[in-house]
Amino acid sequence: MKPITVAIQLSLTKELQNTVWIPSHIARQQQLSNHTNVYVGKQKAKAKVVVFESTEDMVYFSSSLFTMLRLPINSLSLQMKIINEEIFFGPVIAVVTSLTKEGSIPPSLSDFCEEMHDYCREIGGLFFVTTFKHWHSQECFGYAMKDGDFEYDHVPLPNVIHNRVHSRKKENGAAFEKFEEDILSLGIPFFNQHFLDKWFVHEHLSQYEYLTPFLPMTYYLKNKEDLMNALSAHRSLFLKPINGSQGKKIFKIQERSGTYLVDCAETGEREIYDDFTKLYKSLYPKFKKRNYLLQETLSLKELDNRPFDFRILCHRKQEDKWGITSMVARVSKESGFVSNLSQGGDLMPIKDLLQTFYSHREMKHLLELLRELSLEICHCLCAQNEGLYGEFGLDLALDEDGSLWLIEVNTKPSKRFFLTENGQTRPSTKALVRYCCRLSGFE
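Note that this is a predicted model, so its numbers are computed, not measured.

Cut-offs applied
- Residues numbered from 1 in each chain as written.
- Predicted model: local features only at pLDDT ≥ 70, side-chain atom pairs only at ≥ 80, totals over all residues.
- Heavy atoms only, no water.
- Phe/Tyr/Trp six-rings, centres within 6.5 Å; stacked < 30°, edge-to-face > 60°.
- Helix = DSSP H or I, 4+ residues; strand = E, 2+ residues; numbered from the N terminus.
- Buried < 20%, exposed > 50% of the residue type's maximum accessible area, 1.4 Å probe, protein only.
- Arc of directions from axis to C-beta.
- Contact = heavy atoms within 4.5 Å.
- Polar contact = N/O pair within 3.5 Å; in protein donor to acceptor, adjacent residues only side chain to side chain.
- Core = buried A, V, L, I, M, F, W, Y, C linked by side-chain atoms within 4.5 Å.
- Pairing = 2+ DSSP bridges.
- Axes fitted to C-alpha atoms, helices over the stretch in contact; angles between N-to-C directions.
- Parallel < 35°, antiparallel > 145°, perpendicular 65-115°, else oblique.
- Left-handed = near helix turned anticlockwise from the far one by under 90°.
- Patch = residues over 30% accessible without salt bridge, like charges linked within 9 Å, V, L, I, M, F, W, Y side chains within 5 Å.
- Areas by Shrake-Rupley, 256 points an atom, 1.4 Å probe, with all protein chains shown as cover.
- Salt bridge = Lys/Arg side-chain N within 4 Å of Asp/Glu carboxyl O.
- Lys, Arg positive; Asp, Glu negative; His and termini not counted.
- Charge placed at Lys NZ, Arg CZ, Asp CG, Glu CD.

Engineer: What is the right way to look at the packing of aromatic side chains in this model?
Structural biologist: To describe a pair of aromatic rings, you give the distance between the ring centres and the angle between the ring planes. Within this structure, the stated rule accounts for 23 aromatic pairs. Taken together, a centroid distance of 6.3 Å and an interplanar angle of 75° make the contact between F127 and F150 edge-to-face. Taken together, the residues span a long stretch of sequence, with F127 in strand 9 (residues 126-130) and F150 in strand 11 (residues 149-155) at a distance of 23 residues. For F127, a relative accessible area of 1% puts it in the buried group.

Engineer: How should helix 6 (residues 198-205) be read in this particular structure?
Structural biologist: Because each turn of an α-helix spans 3.6 residues, side chains separated by three or four positions in sequence point in the same direction. Within the span of helix 6, buried status applies to K198, V201, H202, H204 and L205. Down the axis of helix 6, the buried side of the element spans an arc of 170°, and every buried residue falls inside it. As for helix 6, its buried residues are in contact with strand 14 (218-221), strand 15 (236-241), strand 19 (292-296), helix 10 (360-382) and strand 25 (404-410).

Engineer: Hey, could you run me through the environment of T356 in this one?
Structural biologist: Structurally, T356 is set in the loop between helix 9 (350-354) and helix 10. Once the C-alpha coordinates of T356 and M116 are considered, the two residues, 240 residues apart in sequence, prove to be 36 Å apart. Reaching out from T356, the side chain makes a polar contact with the backbone oxygen of L353 at a distance of 2.5 Å.

Engineer: How should the environment of S54 be read in this particular structure?
Structural biologist: Following the sequence through the fold, S54 ends up in the loop between strand 4 (43-52) and strand 5 (58-61). Separated by 32 residues in sequence, S54 and I22 place their C-alpha atoms 8.8 Å apart. With near-sequence residues (within four places) excluded, S54 lies in contact with P23, S24 and H25. A polar side-chain atom of S54 sits 3.0 Å from the main-chain amide nitrogen of E56.

Engineer: Got a minute to help me understand the nonpolar core in this structure?
Structural biologist: Side chains of a nonpolar character, in soluble globular proteins, are inclined to be buried together. One finds V20, F61 and F89 to be the most contacted residues of the largest nonpolar core, which totals 41 residues. By residue number, the principal contributor to this core is strand 6 (residues 75-83), which donates 4 residues. Excluding residues within four positions of it along the chain, V20 makes contact with V38, A47, K48, V49, V50, V59, Y60, F61, L65 and I87. In this structure, Y208, L366, C378 and Y389 belong to the second largest nonpolar core, which totals 38 residues.

Engineer: What's the story with the sheet that holds strand 10 (residues 140-146) in this structure? I'm lost.
Structural biologist: Whenever strands of a sheet pair, they do so through backbone hydrogen bonds, lying parallel or antiparallel. Spatial ordering of the open sheet is given by 11-10-9-8-12-13, a layout of 6 strands whose pairing is mixed. In this open sheet, the two strands that pair with only one neighbour each are strand 11 and strand 13 (190-191). Bridging between strand 10 and strand 11 involves 7 bridges; their strand directions are antiparallel. Its bridge partner being in strand 11, C140 is matched across the sheet by V155.

Engineer: How should the packing of helix 3 (residues 107-123) against helix 11 (residues 427-440) be read in this particular structure?
Structural biologist: In a packed pair of helices, the relevant descriptors are the angle between the two axes and the axis-to-axis distance. Here helix 3 crosses helix 11 at 55°, and the two axes come no closer than 10 Å. The orientation of helix 3 relative to helix 11 falls into the category oblique. Considering how the two elements wind past one another, helix 3 and helix 11 form a crossing that is right-handed. Only T429, K430, L432, V433, R434 and C437 of helix 11 make contact with helix 3, whose side of the interface consists of F112, E115, M116, Y119, C120 and I123.

Engineer: Hey, could you run me through the pairing of strand 12 (residues 160-163) in this one?
Structural biologist: In summary, the side chains of a regular strand alternate between the two faces of the sheet. Of the two faces of strand 12, the one carrying V160 and H162 and the one carrying I161 and N163 are both buried. The sheet contact formed by strand 8 (residues 92-96) and strand 12 spans 4 bridges and is parallel. Across the sheet, the residue bridging to I93 is V160, located in strand 12. Sheet analysis places strand 12 next to strand 13, joined by 2 bridges and oriented parallel. Of the residues in strand 13, the one forming a bridge with I161 is F190.

Engineer: What is the right way to read a positive patch on the surface from this model?
Structural biologist: Where like charges cluster on the molecular surface, the positive patch consists of K248, K249, K289 and R290. Note that R290 resides in the loop between helix 8 (276-289) and strand 19. Note on R290: relative accessible area 32%, which makes it partly exposed.

Engineer: Please explain the sheet that holds strand 17 (residues 259-264) as it appears in this structure.
Structural biologist: Overall, antiparallel pairing links the 6 strands, which are arranged 14-19-15-16-17-18 in an open sheet. Strands with a single pairing partner mark the edges of an open sheet, and in this sheet they are strand 14 and strand 18 (270-273). Shown here is a sheet whose adjacent strand axes are inclined to one another by a mean of 25°, direction ignored. As paired elements, strand 17 and strand 18 share 4 bridges and run antiparallel to each other. Note that in strand 18 the partner of V262 across the bridge is E271. Against the sheet, helix 6 makes contact with strand 14, strand 15 and strand 19, and its axis sits at roughly 135° relative to strand 14, the strand it touches most. Each of strand 14, strand 15, strand 16 (251-256), strand 17 and strand 19 touches helix 7 (residues 224-233); the most contacted strand, strand 14, lies at about 160° to it.

Below is the structure:
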């Protein structure tokens, strides 16, 4: 049976317990017994089936069935299918994240979560937000939308979970590991399972010879000799935390006639050292606490003396097929050298930017190359890589000669920016929900 979208309402018939009422026009399509298993997401309950005459796509649950299936609201829209006389309702989609100190959804995800809820409601589905601390395999709690706000309540076990935990430290902790073990034992698909650090991405993609022309020279910084050798090969380098994001803790190191200049991306401040020993001594406390890599500085194309790059948002469509959802240009702030919006960069339509440098034909060719390269990177990252990934944010840039370079791969791209002006659901949100539907079996 192909899934159909139905409205689910609380039945006013109080004398019947654990009962589902199915309209006759749906019941006739499939054989149903008087008692069967009813699923909402992965939550299961044994229920009595009552068929009533109706041509509407309306299903009723008894109050006790609502409770057994842990539905947080008594009126919702879900997709329904019948397989081997069992009735399935879904998809139930969860986002797992970390809450603020006040116990609310992080502001960086609030608009995204509202979009996820709205689009699930539009196509038929239930969305909620949970944390790995609120997760119990026998009893799940989360934040579901009620009367315009996300409220904490019982929720059914979901069909699929999207990882948006923003802290690598928490993701590497024992509580998250236990959560991960639980959901995988329940057979719940869990995608964007972990951050991919910059060194892993570089090492993995370097295995593909045809991708190496797009990868800047990159070195793992372990000791003083690594820094010295890298500066001997490149007079200008970026110092980046392997597990960094949003352009934070990035430094630009330049060697000029034995003098070393160190620029901080966040503050714009510059420090000057007259010999290598002083330079290393100042940097050592940074990479003593966390792992860093060194990357050659590229002479990027600039718009009005401001370097720019491209954020390519890619989403998985099928097991081995990816698609591009959006392509935008990001222009760094004045005198800046990173284009992250969190560091003061500006968004710009990609075609508006490219047409200042290229003819229509050249621009069309470059856009096609961007698409092909982005999809190939996604495919290669997922090949022989543990874990399930459904979304990547790729940062690519052009150098002064017009060559393309991969700057970074983001497994949890920012949801704070790229909002539509007219309030419509972003294509990226729709792509994520559609992917969740596929993983849930509600295509």
